[in-house]
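The primary structure of each chain is shown beneath.
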Amino acid sequence: MQFQAQWIRPSEGIGDVCPVFRKEIQTSGKIKSAELYITALGVYAAALNGRRVGKYVLAPGWTAYDHRLQYQQYDVTDMLGEENKLEITVGKGWYASPMPGWNESADKLRRKNRKTAAFAELHITYDNGEKEIYATDGSWQWAESPIRFSEIYDGEICDATVQPEIWKPVCTAESPTDRLIPQEGEEIREKETVMAKAVFTTPAGETVVDFGQEVTGYVEISVNAHTDDRIRFQHGEVLDRDGNFYRDNYRSAKAETVYICSEGKQTWHPTLTFFGFRYIKLLEFPGEAKPENFRAIVVYSDIRQSGRIRCGRPEIDQLISNIFWGQKSNFLDVPTDCPQRDERLGWTGDAQVFVKTAGYNFDVEKFFRKWLRDLKADQRPDGSVGQVIPDYMPEEAPSAAWGDAAVICPWQIYETYGNEEVLREQFESMKKWVDYITSATKKQYLWTGGVHFGDWLGLDAPSGSYKGSSREDFIASAFYACSTELVIKAGRVIGADVSGYERLYRNIVETFRKEYPEYHTQTEHILAIRFGLAEDPRRTADALADMIWRDGIQMRTGFVGTPYLLHVLSDYGHKDLAYSLLLRREYPSWLYSVDKGATTIWEHWDGIMENGEFWSTDMNSFNHYAYGSVADWLYEKAAGIMPALPGFEKAVICPHPDKRMDWMDAEIDTRHGKIRSYWSCEKDTVRYEIWADMPVTVVIDGKETELDPGRYTFWGRAE
Ligand code: BGC
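Treat the numbers as computed from the prediction; the structure is a model and nothing was measured.

*Asks:* I tried to follow the nonpolar core on my own but got confused; where do I start?
*Replies:* Among soluble globular proteins, nonpolar side chains are generally buried collectively. In this structure, Trp94, Phe294, Phe368 and Leu582 are the most contacted members of the largest nonpolar core, which totals 235 residues. Ranked by residue count, the leading element in this core is helix 8 (residues 472-494), at 13 residues. Residues within four places of Trp94 in sequence aside, it is in contact with Val43, Leu58, Gly61, Trp62, Tyr65, Met99, Ile152, Ile188, Phe274, Leu332 and Tyr392. Within the second largest apolar cluster, 8 residues are counted, among which are Tyr246, Tyr592, Ile608 and Phe622.

*Asks:* Help me understand the sheet that holds strand 30 (residues 651-653), please; the structure alone is not making it clear to me.
*Replies:* Hydrogen bonding along the main chain pairs the strands of a sheet, whether they run parallel or antiparallel. With mixed pairing, 4 strands are arranged side by side in an open sheet as 29-30-34-35. Two strands bound the open sheet, and with one partner strand each, they are strand 29 (641-643) and strand 35 (703-707). If you compare each strand with its neighbour and ignore which way they point, the axes differ by 20° on average. By the bridge criterion, 3 bridges tie strand 29 to strand 30 in an arrangement that is antiparallel.

*Asks:* Before we go on, may I ask you to explain the site of the ligand in this structure?
*Replies:* If you check the shell around the ligand, you find Asp337, Arg341, Glu343, Trp347, Asp350, Trp402, Phe453, Trp456, Phe559, Glu603, Met619 and His624 and nothing else. Within the side chain of Glu343, a nitrogen or oxygen atom sits 2.6 Å from an oxygen atom of the ligand. Contacts to the ligand include Asp350, whose side-chain N or O atom sits 2.5 Å from an oxygen atom. Expressed as a share of its isolated accessible area of 310 Å², the protein-covered part of the ligand is 97%. Residues belonging to the shell around the ligand are distributed by class as follows: 6 nonpolar, 1 polar and 5 charged.

*Asks:* Could you clarify how one ought to interpret the domain arrangement of the chain in this entry?
*Replies:* Reports of interface size often rely on the accessible area that becomes lost once the parts have come together. Here the chain is partitioned into domain 1 (7-152 + 160-185), domain 2 (189-301), domain 3 (304-638) and domain 4 (646-717). Centre-to-centre separation of domain 3 and domain 4, based on C-alpha positions: 27 Å. At the interface, 30 residues of domain 3 touch 21 residues of domain 4. With both sides pooled, the region where domain 3 packs onto domain 4 buries about 2,200 Å², and carbon together with sulfur makes up 50% of that total. When the area that domain 3 buries against domain 4 is broken down by residue, the three leading residues are Arg308, Arg310 and Tyr579, summing to 24%. For the pair domain 3 and domain 4, the number of links is 7 salt bridges. Summed over the shared surface of domain 3 and domain 4, the number is 17 residue pairs in polar contact (both at pLDDT 80 or more). Looking at the side of domain 3 that touches domain 4, the elements with two or more residues in it are strand 24 (304-305), strand 25 (307-311), helix 6 (405-417), helix 13 (575-583) and helix 15 (631-638).

What counts and how
- Residues numbered from 1 in each chain as written.
- Predicted model: local features only at pLDDT ≥ 70, side-chain atom pairs only at ≥ 80, totals over all residues.
- Heavy atoms only, no water.
- Core = buried A, V, L, I, M, F, W, Y, C linked by side-chain atoms within 4.5 Å.
- Buried < 20%, exposed > 50% of the residue type's maximum accessible area, 1.4 Å probe, protein only.
- Helix = DSSP H or I, 4+ residues; strand = E, 2+ residues; numbered from the N terminus.
- Contact = heavy atoms within 4.5 Å.
- Pairing = 2+ DSSP bridges.
- Axes fitted to C-alpha atoms, helices over the stretch in contact; angles between N-to-C directions.
- Near = heavy atom within 4 Å.
- Polar contact = N/O pair within 3.5 Å; in protein donor to acceptor, adjacent residues only side chain to side chain.
- Areas by Shrake-Rupley, 256 points an atom, 1.4 Å probe, with all protein chains shown as cover.
- Nonpolar A, V, L, I, M, F, W, Y, C, P; charged D, E, K, R; others polar.
- Domains from an automatic or database assignment.
- Buried area = accessible area lost by both parts, 1.4 Å probe.
- Salt bridge = Lys/Arg side-chain N within 4 Å of Asp/Glu carboxyl O.

Structural data, given as structure tokens:
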């Protein structure tokens, strides 16, 4: 779209205060339609005649801003009268906040010093066909808004006693318009609300509000107060061993909300930032705080839930709830590692391990396609892919299993939704990543050298290290094979010539097998099996099972090995062991955190250790979705639902029942209708119920049956 608007900014420096821009507009006749187009360098909230425009919060969202900036289009026909006031408040958002919190790179400095700005056009069409356009230009005015400070990590300060009074002419600014693109992702919305469950005094004498669920969003406060009364609170995820408020794990993120009241009854919440939290600690509050004063507004991308899993074990149901909340908390336009500390970044490795689960739980096709375009836009000239996308750490080397998100995510989105477009769009980027590895390695047909995260947070890490014991070159080479194979598959789908990659793949497999005849860790076994590198996968799976037994039925895996662990066990006859790991309650296990009261997935298996102490202060998020990737095993193996053709045009149901679960019920809304698998263990038999809107191959006790869409009941053996 061709815009005539100009970027506008305040005509003088106002420090951290968020500006509000204003235009008074008189209409002249009966309005047939009116559209408002807006974007900002920063995040904006727009109001027309005092009413909020649209439901999008934190617009224009987060993209690779140096290349792509989304604008939004709102239908405002019903909001206009004769005399109108259009106001746009702009905060720093992801555009100008100092992200990430811990590094002081030149690029961060550049972004931190960026100036925010607004850009808008109101298009009015009258009944008589006449058209008018009101575009941001030198005729707009600006003033200081009540928002005195707003930033991603540190929070927001609002002074309700300040009303924009002194309006001054804006200055127009040179800023590129060539990178403006229409909204591509899902809108970020206020999706749910959670009422405060309790207000209590901790042993340390502090007043804390508990929402009972960790969420991402902000707290809305409703109070009856006097002018200049102050409300100030900090956000936290967990209480410490003594029951006191804890927030050291937010690191440098202040995550604080300050509200200076006006007179009387009032309700307010931050608008230009967000927090990850379950608790807030009140530092200042007028009078006695009650639960009814607080409501958590849960904010995430407007993704539609498409998957459901229930079973006969309440603790597994809680785990599933934690996985869903982990996804909701971290799908805020970009798939992020965590929503609370001074990161909240689009870590590529985390997205890659979770993408399959994400796509079953919710419809994330649009969400991922937008993020993958950001990945492509920020891909470096040598083909390498940043550790985070948008690439806020361009100075950092790419890591295996992180950069591979460039290939794994588009392929998985294709598998889940069956739309070839994502492959067409990403194919060049996918190839560039593989070509990058080819050019960067020290040893042909492997990926050796480089700086990697290894099996990040693997439990077999040497003391003092975050990286598990699996060899970095092994992991990097295994992912080289995986990505090359997926490039070949993707190329075949879209009819591209992949003969060069086929040769490369054969050479990688051959070289890998020579170089790594033995596997040393659980994760090395897992990758060798999962990526088709083990010459005898069954024997390798047996060896892995032996290793797990020897380790006391314990996983020793990290970010890289864990997502595939249960899959490779149940694929090669070790279903019972897979369930033993899933149902294990002692540390390390998925249920350990559930028993410790988790309401989201933890970054560390022992974020809170058995003695109640924290694992650490510097790397201890309680809302990291990565290990929630176990849900794709619940859908695909426990319930047995898998696509036989991309997008579930045809499905397979091959359930793996287990008496210890009693029963299980899972369903997915696919592009070809619903598919649901239920089983329940009854003495020596298992009853299976299957509902499929598409043709399905059902595999029960090793016997395959081809079925038309419909509902079926089967009986099978209980093992
Ligand atoms: C993030 C992770 C990420 C990792 C990479 C951490 O700080 O929170 O989830 O993948 O760094 O090593």
